[in-house]
Structures are given as structure tokens and as C-alpha cells.
Amino acid sequence: MLSNLRIFAVNHKKIPSLHIINMYCSRIRASLKTIKPHIPLGKNYSSLPGLIGNDIKSLHSIINPPIAKIRNIGIMAHIDAGKTTTTERILYYSGYTRSLGDVDDGDTVTDFMAQERERGITIQSAAVTFDWKGYRVNLIDTPGHVDFTLEVERCLRVLDGAVAVFDASAGVEAQTLTVWRQADKHKIPRICFLNKMDKTGASFNYAVESIKEKLKAKPLLLQLPIGEAKTFKGVVDVVADLDDEFADLVLGEFSENFDLLPTEKLQTAIRRVTLAQTAVPVLCGSALKNKGVQPLLDAVIMYLPSPEECNHEFLQWYKGDLCALAFKVLHDKQRGPLVFMRIYSGTIKPQLAIHNINGNCTERISRLLLPFADQHVEIPSLSAGNIALTVGLKHTATGDTIVSSKSSALAAARRAGREGEKKHRQNSEAERLLLAGVEIPEPVFFCTIEPPSMAKQPDLDHALKCLQREDPSLKVRLDPDSGQTVLCGMGELHIEIIHDRIKREYGLETYLGPLQVAYRETILNSVRATDTLDRTLGDKRHLVTVELEAKPVETLSVMPVIEYAESVSEDILKGSQEAIENGIHSACLQGPLLGSPIQDVAFTLHSLIIHPGTSSTMISACVSRCVQKALKKADKQVLEPLMTLEVTVPRDYLSPVLADLAQRRGNIQEIQSRQDNRVVIGFVPLAEIMGYSTVLRTLTSGSATFALELSNYQAMNPQDQSTLLNWRSGLT
């Protein structure tokens, strides 16, 4: 493989090429194969490409180019790596904002929620559309906090490429790993941007090594920094380690004189390895200090794919008809629900009737908007490859597949060659037409929420219904014993934000109960149970007798595994299978110990005797009661959520942090070095980590940071389980 090195001066000031070559000769030798540098090619970024005189670009002027010149990209990273600041600089340099917004001042375009501006973090993803050098870019700024991982997941689902932003002083951090895995799952080509090169402790080599080691990715260095930390002045363009096709070209056609190699050939080779995901281009800079942002924008349009370069198998079934995926819902007080859609084929126009395959309903789009954070511009139509914002869809939710009509969906099914005659077969085919939605993680925290008075309960229910449509990771349920409304969320911050939004956006002063951990339950041995239900309602007798067996399963299974013994006749199952499974599922929602969901359990139905005329509701009730009887007889076990914890702490404070984690039943896996800091990685039960941020601040004088992520559910030891059960029953 040939390593070819070209150097271009790209700082805002002119840098003598000889000075650059001398300065970086030793570093280049260390990290790349040394080849004679080529003549520098200057890029002038002194003027803003978007600004004409003092004017800023109007959103109405956004171009509508061919699909090859569209880029749908996301900015993803660990919290506080500089995603929002990078987005802000991109909008400034592309000419859509007059001044540079600052996260600390709370005046950025994409962080427009009051909670985001107060906390200086991104909570919900924001979409902006702009153009750069004749290309239309739909950009989504995503959150970096672990509580809002679903926001990143549902955005990556509809994007074609991503920019991963890194803090150059920290390299790959906990949430970076999570979002990188999400991008791997959706097979999204990426560009890496090493931000904060001016920060104390910034190290280009360390950050690149961490990408290699932790992300198992091959970094393709397109730039080197001029200085680091306080001495950071700008960046220099280089290229190394491209593919065999490029090596053959250089060694063959241009072996006599590398200087004759056209820039287009070089860029095509970089684009090829980026789209094949055999390497990830690495750029660097400082968004806050306005360095390296325009080269990043150039890299986005040069190396990330257009919508037509992404292979979507389902497109051939629609033959140019409308096919879109709703990936996000927002509630606007004036306009009602705003639905974000990625258009895969066809065109969307205002007043268009659309069919929702998931909801099996037809709705009408009243208006079509172009998103620019919290400002929107009305447009007459939008074609395939774009991201649209629609008004007027009352029943569409996150993950719904949108087509032009029911007949269009059936035609697509026929083209897919999967149209069946039987009813159940047709249902399965309709499911195959659905675009893959978003996997919604199970909540780990819950707490009760009370309105200020019973008269306000309907208002609270309405607010929670709207927030649930916006945020599918928020679950709301009714406690059957107390009748209280229970909020289930992804973490302390998530529930705190929901509480704050109900107060600000819906004017309700609600009261939250104490935060509680979402435990699960399982059984340790096999048990059999029999139950008979005999009721007479009016002149009708309902009689059911059920015998079933419950046993633990080794494979992780949140839903109960349901099996049928050979002794159960198919004729009985044909009419009552749905009722049986409903009964088992409803019984598994509340276990016998804590009333928590049951998992890792299989049920085998051995006998079912049904009196003629017995209703399916009675069959479900009898099966449910029999399951509960079996669970009570078995040896029971509480499972608690175990979190992966990563604490970054200065060396001097390591001992008190480790001592504190030992008291919290923490299990330390390893301690890594990161410059002058130590990174403690381990597992801690979620119940022990409540309010940890305050304790950690106190222990380390505010100098440590931590990141949490759900690892799995593990069995509690008998002593801890006994303590928990006594506390829940009020004995301690």
C-alpha cells in the first residue's frame, strides 16, 4: 500500500511552506511513511462564503439542487465535545447567522429550549438546512448525554453520513463509544473532527491513537495541527494510506512526477475509502476559535455520501411513489404536532393526502416547512433525499412509514413478490413493507407525578400524552394499587427535564415523588400450577381450566417465552391462542415480590379445557391467575439494573473516588491514564448511584466528570434483596 503525502496551507494567515514542512517533518516521520512533500496549494478562507456585504442569507434562498448535491448529516459526540459550537460556526460560515452564538451565553441557534440554554447542553436534536458551495446540507445537532441516547438513535436512522466530534484532550469517551456503535449499526460513513485543539492538555497523537484502539477504526489523517493547546495556530492538510486503486494510479501514471497528480483523483480516492468505511478521515481544529471549520464543511460535501449513494433495498418496490419515514414529532402551540420526515422516494407537497402503514390511517399534510432549529420557512414541495417538516398529521408517531396511499403500499408489496392470499400472511407482508423504526430502550428510573389538584389531572394527562409523542423513551403508566400516575424515564436528568417542561410549556406546577429504580424479577426453579375459573354471567356459563409450567431460561428475554405441549389440541389453540398469550403477558407485568416486570421465564401450557361459549376475556383472566399462582410458588429473585460507570478524575483525587465507589458496591474493571487524569471504568448498581454527581463534585472540588450507561440486569445477593424487600414493605 502506498502512503502518499500532500501538504496544503489552510490557516487564515499565509504560512511559509518551508516553515510548515520543517515544523512537521519529525511528526510526519513518526506517524506516516515519509515521502517527499509536494508543492503547497493555498486555500483562502479569509472571507465568509455565505455573506454578501453585511447581509445574511435568507432561508427562502436555500437552493433545491439535484439529489447528488444533497447531504444529510448528523453531528454526534460525547457531552461537552463541542457539537453545538461546531454547528454554530458552520451556520455562521455558510452565511445564515450574523453573529457567532455561544453555548455559555445561551444564544445558539440549535439549543433553543430554555432548559438547554440554562444547562449549556443539548437535550433534543435540532435540524438546520443550509447550502455550501452549491450543495444543500441537512444537518442535525444531536445530544451527547446518555439520558438522551434515543434522540441520537432516531436521527442516525435517517441520516446518510455523520461527523463525530472529539475533545482533543480526552479522545474517545464513554458516550463517543455508544454513538459510534449506533452509527456502525446503521452502517453510516463518518468523518472525525478533533475539536478543542487549543485546550490545555490537547494532544493530536493521543486522540488519533484512542480512535484506533477504542473504536477499532482506521484513522485517515487529512490534517495535522500547527501547535497544540496554547500554541495551536491552525492546520495543515496531508493525506496518507489510501487504497490499492490509488496506489496503482500513482505508481503507474504519475510515478515520474507526483506533482502532476490532480487533486480530483486524490479526493475521489478519499471519498472511496470513506464510503466503503475502510477508513475514517480525521480533521482537526477549534470551533470556538474558528479554526478548521470551513475545511470540515468542504470534507462533508466531498467525502460523505449523497442520498442516491446509500443503498435502500425497499426503494425498488415503490417505483418513484412516495415513501418516507417519520423520525421525530414536536408539539407547537400554534401549529399543533410537527412531524419530521426523511423522504426516500417521491415528492411531498402541502394538502397532500398520505397513508400511514403503521397506524393504517390516512391523513392530510396541511403545510410543508423547511427546518431551521425553531424557525421554519414554508415551501411548495420537497423531493426525495430531503428532510421535511410537516404540519397537520395528528396520528403519526416516531418510526411510522408514510406512503402516498393504501393502494401504493399494496402495489409495493406485490412488486416485492410477497403478496399472500391468507389473512395472516397479508399482515406479515404489510409488516415487511415497514421501514425499520427505532428500538426504544427500557426505562430504568421511575417516580410518581401529581397535579396541583384533581381538576388539573386532564391537563396533566394531555401534557404527558404530547410529551410521549415527542419522546418515545418516556413511558407513563397508572399504578393499579394507588391510582397514581407514574413517569418512567432514562435517568435523573431525563425526568427532571420532563418535569420542567410540564411547568414551562403547559403551565402546570406538578409534584414529583422520590425517584425509584426499575427493578425486574425472575424465578429460579420450575413449577406447575392449575387454576379453574367458573363464572355465570346472565344465562351464560364461562368455565376454563388451565394447567401450565413456569421455568427459568438462561437466554436474556424481556418478554415471556410461550410454548405449547403436544397434549394441547390445535383446534382449541386456533380460537384461543391470542387470549392465552394476552393473559401470560399481562401477568408478567407485575411480579410477586415488588410488582416489577418478570423476565427470563418460559411458560409451557400443558392443558386447557374450555366450556363452549366461554369468552376470550375469561380465558385470559384464568391464564393470568394461573401464571401468578405459579410465580408465587417458585423461588423468586430480584434483578437490579447494573450501570457501566466511567469516572475521569485528576490523579490527586483518585483514592477518595475509589473508596467512595467501594462503599457503593462498585466493581472496578480497570484504571486508565489520560494525560494527567485517571479514568476509572467499572460497574455500579443503579440504586447506589443516585445523586452521585453532587458527591463526586464534593470529593474532587468539581474537577471530575462521569458517564453512566445501562449494562444489564443482574441478580441481587440475598442480603441486599432482603434489605430491599424490608424497606419496600416498611419494616426498615
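Please refer to the structure placed before this passage.
Now for a quick tour of the structure. The structure presented is a predicted model; accordingly, all values stated were derived computationally and were not measured.

Right, let's get into the overall build of the protein chain. For the protein chain, the helix and strand inventory stands at 19 helices and 34 strands. Here the contacts in the protein chain between residues at least 6 apart in sequence split such that 75% fall between residues at least 24 apart.

Here we come to the packing of helix H15 (residues 570-587) against helix H16 (residues 616-633). Between H15 and H16, whose axes approach to 7 Å, the crossing angle comes to 40°. Taken together, the axes of H15 and H16 lie oblique to each other. The handedness of the crossing between H15 and H16 comes out as right-handed. When H15 is examined against H16, the residues Ser 576, Ala 579, Ile 580, Asn 582, Gly 583, Ile 584, Ser 586 and Ala 587 are found in contact with a partner set consisting of Ser 616, Ile 619, Ser 620, Val 623, Ser 624, Val 627, Gln 628 and Leu 631. Among the residues making up the contact of H15 with H16, the classes are represented as eight nonpolar, eight polar and no charged.

Now for the pairing of strand S11 (residues 323-332). S11 sits mainly inside the fold: eight of its 10 residues count as buried. Pairing geometry for S11 and strand S12 (residues 336-345), over nine bridges, is antiparallel. Residue pairing across strands places Asp 332 opposite Gly 336, the latter belonging to S12. Counted between consecutive antiparallel strands, the loop separating S11 from S12 contains three residues. Note that S11 and strand S20 (residues 401-403) share three bridges and pair antiparallel.

The next thing to look at is the sheet that holds strand S29 (residues 561-564). Across the sheet, four strands lie side by side as S27-S28-S30-S29; this open sheet has mixed pairing. Each end of this open sheet is capped by a strand with a single partner; those strands are strand S27 (527-537) and S29. Adjacent strand axes in the sheet meet at a mean angle of 25°, parallel and antiparallel pairs treated alike. Bridging between S27 and strand S28 (residues 540-552) involves 11 bridges; their strand directions are antiparallel. Its bridge partner lying in S28, Val 527 is registered against Ala 550. Across the face of the sheet, H16 comes into contact with S27, S28 and strand S30 (601-610) while running at roughly 145° to S27.

A few words on unusual backbone geometry. The backbone phi angle of Lys 133 is positive, close to 55°, even though this residue is not glycine. By secondary structure assignment, the location of Lys 133 is in the loop between strand S3 (126-132) and strand S4 (135-141). Take Lys 133: its relative accessible area is 48%, and that puts it in the partly exposed class. Positive phi, close to 55°, is recorded for Lys 216, a residue that is not glycine. Inspection of the secondary structure puts Lys 216 in the loop between helix H6 (204-215) and strand S7 (219-221).

Turning to H16, a few remarks are in order. Here H16 spans 26 Å end to end across 18 residues, near enough to the 26 Å set by a 1.5 Å rise per residue. Every buried residue of H16 is accounted for by Met 618, Ile 619, Ser 620, Cys 622, Val 623, Ser 624, Cys 626, Val 627, Ala 630 and Leu 631. Residues of H16 that are buried sit in contact with strand S26 (520-523), S27, S28, H15, S30 and strand S31 (636-650).

A few words now on the nonpolar core. Nonpolar side chains in soluble globular proteins generally cluster together in the buried interior. Ranked by internal contacts, the top residues of the largest apolar core, which has 56 residues, are Phe 166, Trp 180 and Leu 194. Each residue touching Phe 166, except ones within four places of it in the same chain, is listed here: Ala 81, Gly 171, Val 172, Thr 176, Trp 180, Cys 192, Phe 193, Leu 194, Asn 195, Ile 211 and Leu 215. In terms of nonpolar packing, the next biggest core, distinct from the first, is built from 40 residues, Ile 449, Leu 474, Leu 508 and Leu 645 among them.

The axes of two packed helices give the description: the angle between them and the distance between them. Their axes nearest at 11 Å, the elements helix H13 (residues 457-470) and helix H14 (residues 492-506) cross at an angle of 120°. Once H13 is placed against H14, the crossing between them reads as right-handed. Here Leu 460, Ala 463, Leu 464, Cys 466, Leu 467 and Glu 470 of H13 lie close against H14, whose contacting residues are Ile 498, Arg 501, Ile 502 and Tyr 506. For the contact of H13 with H14, the class distribution of residues is eight nonpolar, no polar and two charged.

This next bit is on the layout of surface pockets. Regions of empty space are outlined by a rolling probe, equal in size to a water molecule, passed over the atoms. Space inside the second largest pocket adds up to approximately 1,100 Å³. Lining of the second largest pocket is provided by 35 residues; of these, Arg 477, Leu 589, Gly 595, Ser 596 and Pro 597 occupy positions nearest its centre. Breaking the lining of the second largest pocket down by element, the ones donating at least two residues are strand S21 (445-450), strand S22 (475-478), strand S23 (485-489) and helix H19 (718-728). In terms of residues, the lining of the second largest pocket owes the most to one element, S22, which gives four residues.

Okay, the packing of aromatic side chains next. Under the counting rule described, the total for this entry stands at three aromatic pairs. Measuring from ring centre to ring centre gives 5.9 Å for Phe 327 and Phe 340, while their planes differ by 55°; the resulting arrangement is tilted. On the criterion of sequence distance, the pair formed by Phe 327 in strand S11 and Phe 340 in strand S12 is long-range, its members being 13 residues apart. Residue Phe 327 shares its accessibility class with Phe 340, and that shared class is buried. Taking the centre distance of 5.1 Å and the plane angle of 80° together, the rings of Tyr 692 and Phe 706 count as edge-to-face. Of the two residues, Tyr 692 is situated in helix H18 (residues 692-700) and Phe 706 in strand S34 (residues 705-715); the sequence distance between them amounts to 14 residues. Judged by its relative accessible area of 0%, Tyr 692 falls in the buried class. Take Phe 706: its relative accessible area is 30%, and that puts it in the partly exposed class. The side chain of Arg 477 reaches across the aromatic face of Phe 446, ending 5.4 Å from its centre.

Okay, the environment of Ala 287 next. One can find Ala 287 in the loop between strand S10 (280-284) and helix H9 (293-303). Between the alpha carbons of Ala 287 and Glu 88 there is a distance of 8.6 Å; along the sequence they are 199 residues apart.

Right, let's talk about H14 for a bit. Compared with the 21 Å implied by 1.5 Å per residue over 15 residues, the 21 Å span of H14 between its first and last C-alpha is a close match. Burial in H14 covers these residues: Leu 493, His 494, Ile 495, Ile 497, Ile 498, Asp 500, Arg 501 and Ile 502.

Per the stated rule, a full pass over the model turns up 21 salt bridges. Two residues, Asp 167 and Lys 199, come together in a salt bridge whose shortest N-O distance is 2.8 Å. Taken as a pair, Asp 167 in strand S5 (residues 161-167) and Lys 199 in the loop between strand S6 (190-195) and H6 lie far apart in primary sequence, 32 residues in all. Classification of Asp 167 as buried rests on a relative accessible area of 5%. Assessed through its relative accessible area of 33%, Lys 199 is described here as partly exposed. Of the charged contacts in the structure, one is a salt bridge between Arg 367 and Glu 378, with a shortest N-O distance of 2.9 Å.

Right, let's talk about the environment of Thr 536 for a bit. One can find Thr 536 in strand S27. Overall, the relative accessible area of 55% leaves Thr 536 in the exposed class. Taking the C-alpha atoms as reference points, Thr 536 and Thr 614, separated by 78 residues in sequence, lie 9.8 Å from one another.

Right, let's get into the side chain of Thr 390. Position of Thr 390 among the secondary structure elements: in strand S19 (residues 387-391). Residues contacting Thr 390, with those up to four places away along its chain left out, are Pro 337, Leu 338, Val 339, Met 341, Ile 365, Arg 367 and Leu 368.

Considering the arrangement of structural elements, one finds Asp 461 in helix H13. Sequence separation of Asp 461 and Pro 451 is 10 residues, and the distance between their C-alpha atoms is 9.5 Å.

Let us look at the state of the cysteines. One pass over the structure, following the stated rule, counts zero disulfides. Here Cys 626 is not disulfide-linked; the sulfur of Cys 622 is the nearest cysteine sulfur, at 6.5 Å.

Conventions used here
- Residues numbered from 1 in each chain as written.
- Predicted model: local features only at pLDDT ≥ 70, side-chain atom pairs only at ≥ 80, totals over all residues.
- Heavy atoms only, no water.
- Helix = DSSP H or I, 4+ residues; strand = E, 2+ residues; numbered from the N terminus.
- Contact = heavy atoms within 4.5 Å.
- Axes fitted to C-alpha atoms, helices over the stretch in contact; angles between N-to-C directions.
- Parallel < 35°, antiparallel > 145°, perpendicular 65-115°, else oblique.
- Left-handed = near helix turned anticlockwise from the far one by under 90°.
- Nonpolar A, V, L, I, M, F, W, Y, C, P; charged D, E, K, R; others polar.
- Buried < 20%, exposed > 50% of the residue type's maximum accessible area, 1.4 Å probe, protein only.
- Pairing = 2+ DSSP bridges.
- Expected span 1.5 Å × (residues − 1).
- Core = buried A, V, L, I, M, F, W, Y, C linked by side-chain atoms within 4.5 Å.
- 1 Å grid on protein atoms, 1.4 Å probe; cavity = no way out; pocket = protein on both sides within 12 Å on 5 of 7 lines; lining within 4 Å.
- Points joined across faces, edges and corners; volume = space filled by probe spheres on them.
- Phe/Tyr/Trp six-rings, centres within 6.5 Å; stacked < 30°, edge-to-face > 60°.
- Lys NZ or Arg CZ within 6 Å of the ring centre and 35° of its normal.
- Salt bridge = Lys/Arg side-chain N within 4 Å of Asp/Glu carboxyl O.
- Disulfide = S-S within 2.5 Å.

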